[in-house]
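Spelled out, the chains give:
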Amino acid sequence: MRIVITVDGGRDGGAELRRWLTAEPQLRGRIRLDTQPPPPGAMGGGAMDALIAILEPGGVATVFAGAVVAWAASRRSSQTITVTKPDGTQISIESTQVRADAAQAADLVERLAAAVGDPPRPEHRRAPDGAAPPGP
């Protein structure tokens, strides 16, 4: 699945996110920078940098989601990350959303991974108190 990721706010957010994502071994070779024209009717003439991610079933979407949430949590300024699926569905995450406890961040990772293609796996679920589930 080909998804488009844009970062609104902050300086060079798209380039920073690209470096962060490509540091993940499972995402190397799956992320590229793409310059897109501004949307119709937008003010200004500058192009917007977008990232293109090629994801496939089998855990890559979960790695992608975890990396995006971790990157957003590491930001000091407010930024909005928008993920656009091939059907036009958009999922937006604000960096202020991930300044939460570990359980809330894990829930956000699960929801983003499910939205971009990987259903949550039982071993990635967290208990309500944020603890990892018991092993097999």
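Nothing here was measured: the structure is a model prediction, and the numbers come from that model. (Residues numbered from 1 in each chain as written. Predicted model: local features only at pLDDT ≥ 70, side-chain atom pairs only at ≥ 80, totals over all residues. Heavy atoms only, no water.)

A. Region of the structure containing the overall build of the protein chain. A tally of regular secondary structure across the protein chain gives three helices and five strands. Start at the N end of the protein chain and walk to the C end: the helices and strands fall as β-α-β-β-α-β-β-α. Of the contacts made within the protein chain by residues no fewer than 6 positions apart, 59% connect residues no fewer than 24 positions apart. Accessible area for the protein chain stands at about 7900 Å²; split by element, carbon and sulfur atoms hold 52% of it. (Helix = DSSP H or I, 4+ residues; strand = E, 2+ residues; numbered from the N terminus. Contact = heavy atoms within 4.5 Å. Areas by Shrake-Rupley, 256 points an atom, 1.4 Å probe, with all protein chains shown as cover.)

B. Inspection of the pattern of salt bridges at higher detail. One pass over the full model with this rule turns up three salt bridges. Here Arg75 ties to Glu16 by a salt bridge, and the two come within 2.5 Å at their closest N and O atoms. Note that Arg75 is positioned in the loop between α2 (60-74) and β4 (80-84) and Glu16 in helix α1 (residues 13-22), a separation of 59 residues in sequence. (Salt bridge = Lys/Arg side-chain N within 4 Å of Asp/Glu carboxyl O.)

C. Structural view of the side chain of Arg30. Within the secondary structure layout, Arg30 lies in the loop between α1 and β2 (31-36). Once you skip the residues sitting within four places of it in the chain, Arg30 turns out to touch Ile52, Ala53, Ile54, Glu56 and Val60.

D. Looking closely at the packing of α1 against α2. Contact geometry for α1 and α2: axes closest at 10 Å, N-to-C directions at 130°. Judged on the interaxial angle alone, α2 and α1 are oblique. As α1 packs across α2, the resulting crossing turns out to be right-handed. Only Phe64, Ala67, Val68, Ala70, Trp71 and Ser74 of α2 make contact with α1, whose side of the interface consists of Gly13, Glu16, Leu17, Trp20 and Leu21. (Axes fitted to C-alpha atoms, helices over the stretch in contact; angles between N-to-C directions. Parallel < 35°, antiparallel > 145°, perpendicular 65-115°, else oblique. Left-handed = near helix turned anticlockwise from the far one by under 90°.)

E. Up close: the nonpolar core. Residues Ile5, Leu21, Leu27, Leu55 and Phe64 are the most contacted members of the largest nonpolar core, which totals 30 residues. Breaking this core down by element, the ones donating at least two residues are β1 (2-8), α1, β3 (48-54), α2, β4, β5 (90-94) and α3 (102-116). In terms of residue count, α2 provides more of this core than any other element does, ten residues in total. In contact with Ile5, other than residues within four places in its own chain, are Leu17, Ala50, Leu51, Ala53, Phe64, Ile81, Thr82 and Val83. (Core = buried A, V, L, I, M, F, W, Y, C linked by side-chain atoms within 4.5 Å. Buried < 20%, exposed > 50% of the residue type's maximum accessible area, 1.4 Å probe, protein only.)

F. A look at α2. The end-to-end C-alpha separation of α2 is 21 Å, in line with the 21 Å expected for 15 residues at 1.5 Å each. With eleven of its 15 residues buried, α2 lies for the most part within the structure. Of all the residues in α2, the buried ones are Val60, Ala61, Thr62, Val63, Phe64, Ala65, Ala67, Val68, Val69, Trp71 and Ala72. (Expected span 1.5 Å × (residues − 1).)

G. Region of interest: the packing of α2 against α3. Put simply, α2 and α3 touch, their axes get as near as 8 Å, and they point 135° apart. One way to sum up the angle between α2 and α3 is to call them oblique. Both α2 and α3 take part in a crossing whose hand is right-handed. Taken together, the residues of α3 that come into contact with α2 (itself represented by Ala61, Thr62, Phe64, Ala65, Gly66, Val68 and Val69) are Ala105, Leu108, Val109, Leu112, Ala113 and Val116. For the contact of α2 with α3, a count of residues per class yields eleven nonpolar, two polar and no charged. (Nonpolar A, V, L, I, M, F, W, Y, C, P; charged D, E, K, R; others polar.)

All quantities given are derived from atomic positions and should not be read as evidence of function.
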